[in-house]
Amino acid sequence: PIENENDPPRARARARMTLCVVALLVALAMAAGSGASAELVGPSPSEPLPVVLWHGMGDTCCNPKSMGRVKDLIQQEIGAYVVSIRLGATEAEDQRAGFFGLVPVQIAHVCHELASDSRLSAGFNAVGFSQGGQFLRAVVQVCPTLVPNFPRTSALVTLGGQHQGVMDWPGCGDAASTALCRSLQALLAFGAYSDFLQRRVVQAQYFKDPRKMDEYLQKNVFLPDINNEKALNEDYKRNLARLDLLMLLMWKNDTTVVPRESSLFGVLNATSGVIVPLREQPLYKEDRLGLRALDERGALIMDVMEGEHMELNWEFFNETIVHGVLGAAAF
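**Points about the sheet that holds strand β1 (residues 51-54)**
Thought 1: If you walk across this open sheet you meet the six strands as β2-β1-β3-β4-β5-β8, and the pairing is parallel. With partners counted over all chains shown, the strands left at the sheet margins are β2 (82-84) and β8 (300-305), one partner each. Neighbouring strand axes in the sheet, compared pairwise and without regard to direction, differ in orientation by 15 degrees on average.
Thought 2: Sheet contacts for helix α2 (residues 67-78): β1, β2 and β3 (124-129); angle to β1, the most-contacted strand, approximately 165 degrees.

**Notes on helix α13 (residues 314-326)**
Thought 1: If you check α13, its first and last C-alpha atoms are just 15 Å apart, much less than what 13 residues at 1.5 Å a residue would give, namely 18 Å.
Thought 2: Taken as a whole, α13 has its buried residues at Trp314, Phe316, Phe317, Asn318, Glu319, Thr320, Ile321, Val322, Gly324, Val325 and Leu326.
Thought 3: By the N-cap criterion, in which a side-chain oxygen at the helix start approaches the backbone nitrogen of a residue two or three places on, α13 is capped by Asn313, the distance to Glu315 being 3.1 Å.

**Looking at the pattern of salt bridges**
Thought 1: Using the criterion set out here, one finds ten salt bridges in the structure.
Thought 2: Across the salt bridge formed by Lys219 and Glu215, the nearest N and O atoms sit 3.7 Å from each other. Separated by four residues within a single helix, Lys219 and Glu215 lie in helix α8 (residues 213-219), roughly one turn from each other.

**Section: the packing of aromatic side chains**
Thought 1: Scanning the model with the defined rule gives nine aromatic pairs in all.
Thought 2: Judged by centre distance (6.3 Å) and plane angle (70 degrees), the rings of Phe135 and Tyr206 are edge-to-face. Here Phe135, found in helix α5 (residues 131-146), pairs with Tyr206, found in the loop between α7 (195-198) and α8; they are 71 residues apart in sequence, far enough to count as distant. Comparing Phe135 with Tyr206, the two get one shared label, buried.
Thought 3: Directly above the ring of Trp314 sits Arg69, whose terminal nitrogen or CZ lies 3.9 Å from the centroid.
Thought 4: Positioned above the aromatic ring of Tyr81 is the side chain of Arg119, whose terminal nitrogen or guanidinium carbon lies 4.0 Å from the ring centre.

**Let's talk about the environment of His323**
Thought 1: As for its position among the elements, His323 is in helix α13.
Thought 2: Accessibility expressed as a relative area gives 23% for His323, which makes it partly exposed.
Thought 3: For His323 and Ile74, which are 249 residues apart along the polypeptide, the C-alpha to C-alpha distance reads 8.7 Å.
Thought 4: A polar contact is formed between the side chain of His323 and the side chain of Glu77, at a distance of 2.7 Å.

**Re the confidence of the model for the chain**
Thought 1: Per-residue pLDDT for the chain averages 86, and the proportion of residues at 70 or more is 81%.
Thought 2: Note on residues 1-42: pLDDT under 50 across the span, and 67 contacts to partners over four residues away in sequence or across chains.

**A closer look at the pairing of β3**
Thought 1: Of all six residues that make up β3, six are buried, and the element is covered over most of its length.
Thought 2: Neither face of β3 is exposed, since Phe124, Ala126 and Gly128 on one face and Asn125, Val127 and Phe129 on the opposite face are all buried.
Thought 3: Sheet topology places β1 next to β3; four bridges connect them, and they run parallel. For Val51, the partnering residue across the bridge sits in β3 and is Asn125.
Thought 4: Both β3 and strand β4 (residues 153-159) contribute to a ladder of five bridges, which runs parallel. Across the sheet, the residue bridging to Val127 is Val157, located in β4.
Thought 5: This β-α-β element, β3 to α5 to β4, shows right-handed connectivity.

**A word on the environment of Thr153**
Thought 1: By secondary structure assignment, the location of Thr153 is in strand β4.
Thought 2: Each C-alpha atom of the pair Thr153 and Leu49 lies 9.5 Å from the other, and the pair is 104 residues apart in sequence.

**Observations concerning the state of the cysteines**
Here, the word disulfide means a covalent bond between the sulfur atoms of two cysteines.
Thought 1: This structure, assessed with the given rule, holds two disulfides.
Thought 2: Bridging Cys61 to Cys62, the disulfide has an S-S length of 2.4 Å. Around the S-S axis, the bridge from Cys61 to Cys62 shows a dihedral of about -90 degrees and counts as left-handed.
Thought 3: Taking relative accessible area as the criterion, Cys62 reaches 36% and is therefore assigned partly exposed.

**A few points about the packing of α2 against α13**
Thought 1: In the contact formed by α2 and α13, the axes pass within 11 Å of each other and the chain directions differ by 55 degrees. It follows from the interaxial angle that α2 and α13 lie oblique. α2 and α13 meet at a crossing whose hand is right-handed. Touching Arg69, Val70, Leu73, Ile74, Glu77 and Ile78 of α2 are Trp314, Phe317, Asn318, Val322, His323 and Leu326, all from α13.

**Describing the packing of helix α4 (residues 103-115) against α5**
Relative placement of two packed helices is described by the angle separating their axes and the distance separating the axes.
Thought 1: For the pair α4 and α5, the least separation of the axes is 9 Å and the interaxial angle reads 65 degrees. Comparing their axes, α5 and α4 come out roughly perpendicular. You can see that α4 and α5 cross each other, and the crossing is right-handed. Taken together, the residues of α5 that come into contact with α4 (itself represented by Val103, Ile107, Ala108, Val110, Cys111 and Leu114) are Phe135, Ala138, Val139, Val142, Cys143 and Leu146.
Thought 2: For the contact of α4 with α5, a count of residues per class yields twelve nonpolar, no polar and no charged.

Definitions and cut-offs
Here the residue numbers are simple positions, counted from 1 along each chain's written sequence. Whole-chain, interface and lining totals are the exception, using all residues; otherwise, since this is a predicted model, local features are given only for residues with pLDDT of at least 70 and side-chain atom pairs are given and counted only at 80 or more. With hydrogens and water stripped out, all remaining heavy atoms of the structure feed into the side-chain values. A pair of strands is considered paired only if DSSP assigns at least 2 bridges between the two. The numbering of helices and of strands both runs from the N terminus, where a helix is a DSSP run of H or I of at least 4 residues and a strand a run of E of at least 2. Note on geometry: axes are lines fitted to C-alpha atoms, helical ones only across the stretch in contact, with angles between N-to-C directions running from 0 to 180 degrees. Any pair of residues with heavy atoms lying within 4.5 Å of one another is described as a contacting pair. In this scheme, a helix's expected span is set at 1.5 Å multiplied by one less than its residue total. With a 1.4 Å probe rolled over the protein chains alone, any residue whose accessible area is under 20% of its type maximum counts as buried; one over 50% counts as exposed, and the rest are partly exposed. The term polar contact refers here to a pair of N or O atoms within 3.5 Å; inside protein, the definition further demands a hydrogen-donor-capable atom paired with an acceptor-capable atom, and it admits residues adjacent in sequence only when both atoms are side-chain atoms. Think of a salt bridge as a Lys or Arg side-chain nitrogen and an Asp or Glu carboxyl oxygen that are within 4 Å of each other. Here a Phe, Tyr or Trp ring, Trp counted by its six-membered ring, pairs with any other such ring whose centre lies within 6.5 Å, and the pair is stacked when the planes are under 30 degrees apart, edge-to-face when over 60, and tilted otherwise. Two conditions define a charge located above a ring, namely a distance within 6 Å from the ring centre to NZ of Lys or CZ of Arg, and an angle within 35 degrees of the ring normal. Scored between 0 and 100, pLDDT is the confidence that the predictor attaches to each residue. For crossovers, right-handed means that the path from the first strand over the helix to the second runs clockwise, given strands pointing away from the viewer. Any cysteine sulfur atom paired with another within 2.5 Å is treated as part of a disulfide. By definition in this entry, angles of less than 35 degrees are roughly parallel, angles greater than 145 are roughly antiparallel, angles of 65 to 115 are roughly perpendicular, and the rest are oblique. Two helices that cross are described as forming a left-handed crossing if the nearer one is turned anticlockwise from the farther one by less than a right angle, and a right-handed crossing if clockwise. All residues other than Ala, Val, Leu, Ile, Met, Phe, Trp, Tyr, Cys, Pro, Asp, Glu, Lys and Arg, Gly among them, are scored as polar; the first ten of these are nonpolar and the last four charged.

Rendered as structure tokens:
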């Protein structure tokens, strides 16, 4: 797990230990999945695959303090080609697209953008931050069905994603008491599944109220589809199961994602009020999404990091994610 940056020696020791574990798991996972991907011709063993990034809500593709820094770090450390997804012609438009737009349309646009980049043609790894996590998972599942010969994703890492949605407006959990948060919470509570919000507000499209599951399944235009919660899309399942590695990371003290366990596919049982872990859900037991198949061959890693939402320990990220996962081809 990520340690507090105020304790550097301990953080370094934990990061090194985690790196060793992750590197071993990545090697085993990729070896297990090599049969399915043997026909692909990628970079030489000394060259890491390109990396695709997708930022979270309120951020932009190129913010020098966040995604810009991540991109620079990856390029400097392992020399990989990096694409940081931008929706719109400017950073301002990209930031706005993180709040407003129709997510399936945004996903389709990204599919075509990535497919048109010749430097990604041999495949890529992907790292999603916050809502960018479930959006990149949608890319893995959906793009091969939309674009012929879409490049294959090898590893997908998500940090603080909302794979089972949110029950509150992100950032407006129990500790939030501002008038804005109360207004946003009321908006979602009474109109999250309205056609108006579903087609305009990004966060409404992964809002999941466990007390209103019928309405969620009927009216939510994004999350039930990519989670195979309605009709079973075998293509989505097959595409996700083709990953060499799926790493899901949750921040231990996350109050932005409600429930925080959504980052690990956990979901709240509305009757008991208890979080149901992934492996106890029909989604896993029936393998509706390919997650059990990934898990059974050692290609699914779920872990908890210290800190609040998007409180990134850069040393951990560099050693464990950049070198341990993204640079694994260079080992």
